[in-house]
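These are the residues of each chain, in order.
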Amino acid sequence: MSEINMTPLVDVMLVLLIIFIITVPVISHQVKLDLPRAVNQPQELKPSHISLSIDPTGQRFWDGKPVDDATLDANLAEAAKKEPQPELHLAADRDVRYESVAQTMAAAQRAGLTKIGFVTDPKQLQ
């Protein structure tokens, strides 16, 4: 026999076609609702930053105002409690002793500040 009998194939295809015709409206059944519209703009909360600088003599400046060690610790502890936590931007003079920078970083870590960044002047690096 050299011919293929196509009748069973056509029967199967017709059964599948009927099944799809019946199930597609059930799957795509939608309930139309008139939902209220609201305008929403994302509120981007950018944490503030604290500028802490150290001059060549080791004097620390909190946002441009000189502070002593006790005031620095109190300010760092208060800043660590804020939500979202502010970033600490530490700018140290080129001639300051590293000990002053390390003590300042340790004080920030003890207070609980986790975001510390170093500020550099690219013009002086060349």
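Our subject in this report is the structure included herewith. All values reported here derive from a predicted model rather than from experimental measurement.

### Some details on unusual backbone geometry
With an omega of 0°, the peptide bond running from E83 to P84 counts as cis. Position of P84 among the secondary structure elements: in the loop between α2 (69-81) and β4 (87-92). If you check the backbone angles, D63 has positive phi at about 50° while not being a glycine. Along the chain, D63 falls in the loop between β2 (60-62) and β3 (65-67).

### Some remarks on the sheet that holds strand β5 (residues 116-118)
Pairing in this open sheet of five strands is mixed, and the strands run β3-β2-β1-β4-β5 from one edge to the other. Where the open sheet ends on each side, the last strands, each with one partner, are β3 and β5. Geometrically, the sheet is characterised by an average inter-axis angle of 30° between neighbouring strands, direction not taken into account. With six bridges connecting them, strand β1 (residues 49-54) and β4 associate as parallel partners. For H49, the partnering residue across the bridge sits in β4 and is E87. α2 rests against β1, β2, β3 and β4 of the sheet, and its axis sits at about 40° to β2.

What counts, and at which threshold
- Residues numbered from 1 in each chain as written.
- Predicted model: local features only at pLDDT ≥ 70, side-chain atom pairs only at ≥ 80, totals over all residues.
- Heavy atoms only, no water.
- Helix = DSSP H or I, 4+ residues; strand = E, 2+ residues; numbered from the N terminus.
- Pairing = 2+ DSSP bridges.
- Axes fitted to C-alpha atoms, helices over the stretch in contact; angles between N-to-C directions.
- Contact = heavy atoms within 4.5 Å.

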